[in-house]
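Fold and contact review
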Amino acid sequence: QVRLVESGGGSVQPGGSLKLSCTASGSIWKLNAQGWYRQAPGKQREMVAVITPDNTTEYASSVKERFIVSRDNATNTVFLQMTSQKPEDTAVYYCYANVVPLGSYYNRDYFGQGIQVTVSS
């Protein structure tokens, strides 16, 4: 069993900042990429930012220069620092991890339960 627990969501005014955190725990043999996806009302889930264990990052074009993804490999925690937020950033944000579970040869994608981020004046 692999668990992803998110924290840090909430409401912020346009131009404001929020920081999300997510810690992976459970039966993890190898933790590969971590990151964040989001889903806005009426839209499909989309990748926001992903980071590999050697800190290679990938961002959605809509958040480049505004969001920074980072990770702490010692605690299996991934962060998303969001700045200059816009109303279109409003969504449920899901923590993501690609994991090889204990006792398995294969990696799997896992998602957290989601955390609401609302950007509104």
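Relevant structure appears above.
Residues numbered from 1 in each chain as written. Predicted model: local features only at pLDDT ≥ 70, side-chain atom pairs only at ≥ 80, totals over all residues. Heavy atoms only, no water.

Within this structure, the stated rule accounts for three salt bridges. In this structure, the salt-bridge partner of Glu-46 is Arg-38, at a minimum N-O distance of 2.7 Å. Using a relative accessible area of 33% as the deciding quantity, one classes Glu-46 as partly exposed. (Salt bridge = Lys/Arg side-chain N within 4 Å of Asp/Glu carboxyl O. Buried < 20%, exposed > 50% of the residue type's maximum accessible area, 1.4 Å probe, protein only.)

What follows covers the packing of aromatic side chains. Each aromatic ring pair is summarised here by two numbers: the centre-to-centre distance and the angle between the ring planes. According to the stated counting rule, one finds three aromatic pairs in the structure shown. Geometrically, the ring pair formed by Tyr-37 and Tyr-96 is tilted, given 5.4 Å between the ring centres and 55° between the ring planes. One end of the pair, Tyr-37, is in strand E4 (residues 28–39); the other, Tyr-96, is in strand E9 (residues 91–101), with 59 residues separating them in the sequence. Relative accessible area serves as the criterion here: at 9%, Tyr-96 is assigned to the buried category. (Phe/Tyr/Trp six-rings, centres within 6.5 Å; stacked < 30°, edge-to-face > 60°. Helix = DSSP H or I, 4+ residues; strand = E, 2+ residues; numbered from the N terminus.)

Grouped together as the largest cluster of nonpolar side chains are 31 residues, with contacts concentrated most on Leu-20, Trp-36, Val-48, Val-69, Leu-80, Met-82 and Tyr-93. Secondary structure elements with two or more residues in this core: strand E1 (2–7), strand E3 (18–26), E4, strand E5 (46–51), strand E7 (67–72), strand E8 (77–82), E9 and strand E11 (115–119). For this core, the element with the most residues is E9, which contributes five residues. Non-local contacts of Met-82, meaning those with residues more than four positions away in its chain, are made with Gly-16, Ser-17, Leu-18, Leu-20, Arg-66, Phe-67, Tyr-93 and Val-117. (Core = buried A, V, L, I, M, F, W, Y, C linked by side-chain atoms within 4.5 Å. Contact = heavy atoms within 4.5 Å.)

Here we come to the pairing of E5. Of the strand pairs in this sheet, E4 and E5 are connected by five bridges, and their pairing is antiparallel. If you follow Gln-34 over to E5, its bridge partner there is Ile-51. Connecting the antiparallel pair E4 and E5 is a turn made up of six residues, with Gly-42 showing a positive phi of about 80°. Across three bridges, E5 lies against strand E6 (residues 57–59) in antiparallel orientation. Bridging from a neighbouring strand, Val-50 pairs with Glu-58 of E6. (Pairing = 2+ DSSP bridges.)

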